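Working through the structure, step by step
The chain contents come next:
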Amino acid sequence: MGEQRIGHIDGIAPGAEFHRRKQVKQANLHRDTMRGISWIADVDGLDVADAIVLHGGYDDDNDDWTQVRYTGASPDKEKYKEAGIPKLLHSQSWTYQDNASLKRSYERKHPIRVIRGWKGDARYSPINCYRYDGLYEITAIRTAVSKWPAPDGTPIEICQIDLERLPSERQDPTSVEQKIADLLEQQEELEPLPQEELEVAEEEPEEEAEDAPPYGEKFPKTRTQRVQRLVRDAAVARNVKELHDGECQVCGLRLLGPDEKPYSEGAHIRPLAPPHSGPDVEPNVLCLCPNCHVRLDIGAIVIADDWSIVVRAGALGGNVLPKLKRLKKHKVHLDYIRHHRKHWLGESDPSQE
DNA sequence: GGGCCCGCAGGG
DNA sequence: CCCTGCGGGCCC
């Protein structure tokens with residue numbers, strides 16, 4: 001189909017979501033529909049890895065968003081499943097094609113596209129789909145001993161790969177301007193966003209750069225960022241808002257516009273901006289009415305570990321539910337709730353007893 | 001959420 | 001052809 005390449009795929013910004021592996025492949029993000037590791041021939045014909053999928057995988061994996069520890073591949077016949085998670089019968093080898101390609105990407109300092117699937121770490125997984133999370137570089141490779149020995153007790157060596165997310169300024173796709181415009185059009189065709197939402201999406205990154213030049217002066221860069229934010233909001237926040245059908249998870253209000261469509265906002269529990277630097281992922285986003293969005297952002301409400309809503313200030317005349325409304329399909333992660341609570345209550349947290 | 005069982009879509 | 005794999009959707 002399309003052209004396979006190392007690095008960004010033109011027109012696909014980090015945050016873009018795809019329903020199934022087939023669509024990930026069709027977007028040229030990953031060559032395969034089942035393997036974790038994707039590889040292509042480099043200029044000299046030798047294979048290098050260009051993408052990986054984080055989708056549950058092995059027990060030795062670890063995901064901390066910016067830092068990822070990945071386990072190499074093994075032939076099927078050398079593994080078995082226990083509690084749904086693959087366990088190895090034999091040590092892995094750096095000569096196995098998938099692992100060798102990762103090693104070569106490390107040596108050549110090639111970036112790796114990271115795609116997270118719905119079976120991955122609950123803190124970062126999208127809802128029933130796959131998300132392109134941008135470029136990572138391999139910072140280290142090593143042969144490690146797996147936490148899980150073989151059934152007969154012999155230790156198993158694995159190919160371990162450490163990756164680190166490239167800084168955000170290197171995540172901007174240097175794509176053709178026209179393709180960005182096309183993507184923008186596609187997104188708006190799917191569901192036209194209200195003007196307010198566009199403005200909100202643009203305001204957030206500008207908070208840090210107070211004396212930023214006027215919009216027109218840095219047109220290409222700003223334009224790219226704008227598309228990225230659009231794609232992210234279009235995918236992550238929209239998923240959450242749709243699942244809740246616009247109903248506020250804190251007060252239960254379902255605000256309707258004149259068009260009979262519910263209006264709600266995707267609120268980040270752990271803010272995106274530094275120093276918080278929370279991830280823009282579904283488990284970190286709540287569907288809130290504008291009022292409760294502000295209440296969350298200014299710490300007028302915090303949420304306890306049992307999901308009960310603690311009103312701290314300024315709630316006269318405003319009702320809140322006893323507990324945060326949650327859905328089976330939208331799993332909010334406690335890590336973000338705790339981060340928010342700790343930020344507003346400090347170390348001495350009475351609700352954590 | 002785990003287990004099962006039937007897969008497709010490469011690539012040798 | 002045949003083999004393989006960080007699927008997928010169903011069941012409960």
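Thresholds applied
Residues numbered from 1 in each chain as written. Chains lettered and ligands numbered in written order. Predicted model: local features only at pLDDT ≥ 70, side-chain atom pairs only at ≥ 80, totals over all residues. Heavy atoms only, no water. UniProt positions renumbered as here; feature names shortened; annotations may be inferred. Helix = DSSP H or I, 4+ residues; strand = E, 2+ residues; numbered from the N terminus. Pairing = 2+ DSSP bridges. Near = heavy atom within 4 Å. Polar contact = N/O pair within 3.5 Å; in protein donor to acceptor, adjacent residues only side chain to side chain. Nonpolar A, V, L, I, M, F, W, Y, C, P; charged D, E, K, R; others polar.

Chain A goes by YDG/SRA domain-containing protein in an unreviewed UniProt entry, where it is assigned to Streptomyces lutosisoli. Per UniProt, chain A has the following entry under Subcellular location (unreviewed entry): "Chromosome".

With that settled, consider the UniProt feature "domain: YDG" (unreviewed entry) in chain A. UniProt annotation of "domain: YDG" (unreviewed entry) refers to residues 7-165 when read in the numbering used here. The span residues 7-165 is 11% helix and 39% strand, and its two end C-alpha atoms sit 13 Å from each other.

Once that is clear, we can look at the pairing of strand β9 (residues 130-145). Looking at chain direction, strand β1 (residues 17-18) and β9 are connected through two bridges and run antiparallel. Paired with E17 across the strands is R131, a residue of β9. Here strand β8 (residues 111-117) runs beside β9; their pairing, made up of six bridges, is antiparallel. Note that in β9 the partner of R113 across the bridge is L135.

Turning our eyes to something else, we now look at the protein's contact with DNA strand C. Residues in close proximity to DNA strand C total 20 residues, the closest being R20, M34, P75, D76 and Y130. The sugar-phosphate share of atoms of DNA strand C within 4 Å of the protein amounts to 62%. Measuring from a phosphate oxygen of DNA strand C, one finds a side-chain N or O atom of R21 at 2.9 Å. One nitrogen or oxygen atom from the side chain of D61 is found 3.3 Å from a base nitrogen belonging to DNA strand C. Tallied by class, residues from the surface near DNA strand C come to seven nonpolar, seven polar and six charged.

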